[in-house]
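Residue-level listing of the chains:
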Amino acid sequence: MSAAQTQKALLLPARAAKFTVGEAPIPTPGPKDVLVKLVSAALNPIDWKIVDSELFSPIISSYPFICGTDGAGVVEDVGAEVTALAKGDRMYVRTPSCPSL
């Protein structure tokens, strides 16, 4: 069985649109990155504020936009320079801003 190439994601298809669930490619981690398979995710005020905010429109480079700042899951892959985490480690993820920005 081959590895999945896409994942479910909460997408903002366009400015001022409603969030939808769709497919997105699974990223490959860079040398200093960690790929986490989320088990749980949360939406926060920043996530719904970006839907139609003048403040965020200049920094969203394209749509559909994938947003999210909190989650918990299991390390799926690590970049070549990552030494503190390994595949299978459980972790909580808190990013300072939307990861797609």
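The present account deals with the structure reproduced in this document. (Residues numbered from 1 in each chain as written. Predicted model: local features only at pLDDT ≥ 70, side-chain atom pairs only at ≥ 80, totals over all residues. Heavy atoms only, no water.)

Taken as a whole and assessed by the stated rule, the structure comprises two salt bridges. We note a salt bridge from Glu-23 to Lys-8, for which the minimum N-O separation is 3.3 Å. In this pair, Glu-23 sits in strand E2 (residues 20-25) while Lys-8 sits in strand E1 (residues 6-12), placing the two residues 15 residues apart along the sequence. According to the relative accessible area criterion, Glu-23 is partly exposed, its value standing at 46%. With a relative accessible area of 63%, Lys-8 lands in the exposed category. (Salt bridge = Lys/Arg side-chain N within 4 Å of Asp/Glu carboxyl O. Helix = DSSP H or I, 4+ residues; strand = E, 2+ residues; numbered from the N terminus. Buried < 20%, exposed > 50% of the residue type's maximum accessible area, 1.4 Å probe, protein only.)

With that out of the way, let us pick up the sheet that holds E1. The antiparallel open sheet is built from three strands, whose spatial order is E2-E1-E4. With one partner strand each, in any of the chains shown, E2 and strand E4 (65-66) form the two edges of the open sheet. (Pairing = 2+ DSSP bridges.)

Membership of the largest hydrophobic core is limited to seven residues, which are Leu-12, Ile-50, Val-51, Phe-56, Ile-60, Phe-65 and Cys-67. Apart from the residues lying within four places of it in its own chain, the contact partners of Leu-12 are Ala-17, Lys-18, Phe-19, Ile-50, Val-51, Tyr-63, Pro-64 and Phe-65. (Core = buried A, V, L, I, M, F, W, Y, C linked by side-chain atoms within 4.5 Å. Contact = heavy atoms within 4.5 Å.)

Shape is all these values report; function is a separate question.
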